[in-house]
Amino acid sequence: ILNDVARAMCFLTSNAKNHTGAFCADDINTLIRLLSSGGNPCKIDSANALGNLAVSGENQLSIVELFALKPLVKLLNSKCSACEKAACFCLSRLSLPKENQTKVVEAGSLPGIINLLSSDKKDVMKTAIMALCNISCHPSTQAHISELDGLRPLIMLLSSPIETCKRFCLMSLCNFSLNSENQIHIVKQGGVLPLMQICDADSSLTEYSTMVLCNLASNRRNRRILVEWGVLKPII
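Let me sum up the structure you'll find in this document. Quantities reported herein were computed from a predicted structural model and do not represent experimental measurements. (Residues numbered from 1 in each chain as written. Predicted model: local features only at pLDDT ≥ 70, side-chain atom pairs only at ≥ 80, totals over all residues. Heavy atoms only, no water.)

A separate point is the side chain of Ser119. Considering the arrangement of structural elements, one finds Ser119 in the loop between helix 8 (110-116) and helix 9 (122-135). Within the local environment of Ser119, its side chain forms a polar contact with the backbone nitrogen of Lys121, the two atoms lying 3.0 Å apart. Ignoring sequence-local partners within four residues, the contact set of Ser119 consists of Val124 and Met125. (Helix = DSSP H or I, 4+ residues; strand = E, 2+ residues; numbered from the N terminus. Polar contact = N/O pair within 3.5 Å; in protein donor to acceptor, adjacent residues only side chain to side chain. Contact = heavy atoms within 4.5 Å.)

In structure tokens:
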């Protein structure tokens, strides 16, 4: 029965007209309880339903206030790729409002999300990058991500053949590279070469990679290194 309830609510929330006004706090609470009930299909549908509702700004705040974060974080470590993807999808949307970004970090989400950046499942990896990208918009979360070695997998994914993955990695690095300490870390961890290669490719991603390189160049400690790497040519 729990699986059927979760599946029905997942279907209902997929309709854009139901995103606001159709589901009250009690309904959202039911979905949150289902995150910890039944088997994996129940958890997957519940997380996806919450993610569907989280397209609304009002719901993004309500879902967090109703304590959905802890069970979602638990799904990040479930070893079920569909559960991990659904949790990342929901967390990526819940992380859109600035007031939620620090709460998502405080709930313990970062180790699980960063670990999933190395997932061999492309859909899981992509949703993990999207979640980290939104979380990293808040300056206070960036240091936590760096401390957990979150920059390294982002830099590695700059060489991904999946353009969407590269786009969200670059957007994340645009956020990170506003911080002076992260500017040093990105250079030390090998971020310059893949950024230059993206600039040379002259694709729709060039704007983002150029922005990151410009941010890196704003740090006096990076300027000589960047010139030695040949950054001037792709930027110019």
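After presenting the structure, the write-up continues.
Looking now at the packing of helix 9 against helix 12 (residues 163-176). Taken N-terminus to C-terminus, the directions of helix 9 and helix 12 make an angle of 20 degrees; their axes are 9 Å apart at the nearest point. Regarding the angle of helix 9 to helix 12, the classification is roughly parallel. In this structure, the crossing between helix 9 and helix 12 has a hand that is left-handed. Contacts from Met125, Lys126, Ile129, Met130, Leu132 and Cys133 of helix 9 reach helix 12 at Thr164, Cys165, Phe168, Cys169, Met171, Ser172 and Asn175. Here the contact of helix 9 with helix 12 is built from residues that sort into 9 nonpolar, 3 polar and 1 charged. (Axes fitted to C-alpha atoms, helices over the stretch in contact; angles between N-to-C directions. Parallel < 35°, antiparallel > 145°, perpendicular 65-115°, else oblique. Left-handed = near helix turned anticlockwise from the far one by under 90°. Nonpolar A, V, L, I, M, F, W, Y, C, P; charged D, E, K, R; others polar.)

As enumerated under the stated definition, the model contains 5 salt bridges in all. Residues Asp123 and Lys85 are paired through a salt bridge, measuring 3.6 Å at the closest nitrogen-oxygen approach. Pair noted here: Asp123 is in helix 9 and Lys85 is in helix 6 (residues 81-94), with a separation of 38 residues, a long-range link. The exposure class assigned to Asp123 is partly exposed, which follows from its relative accessible area of 41%. (Salt bridge = Lys/Arg side-chain N within 4 Å of Asp/Glu carboxyl O. Buried < 20%, exposed > 50% of the residue type's maximum accessible area, 1.4 Å probe, protein only.)

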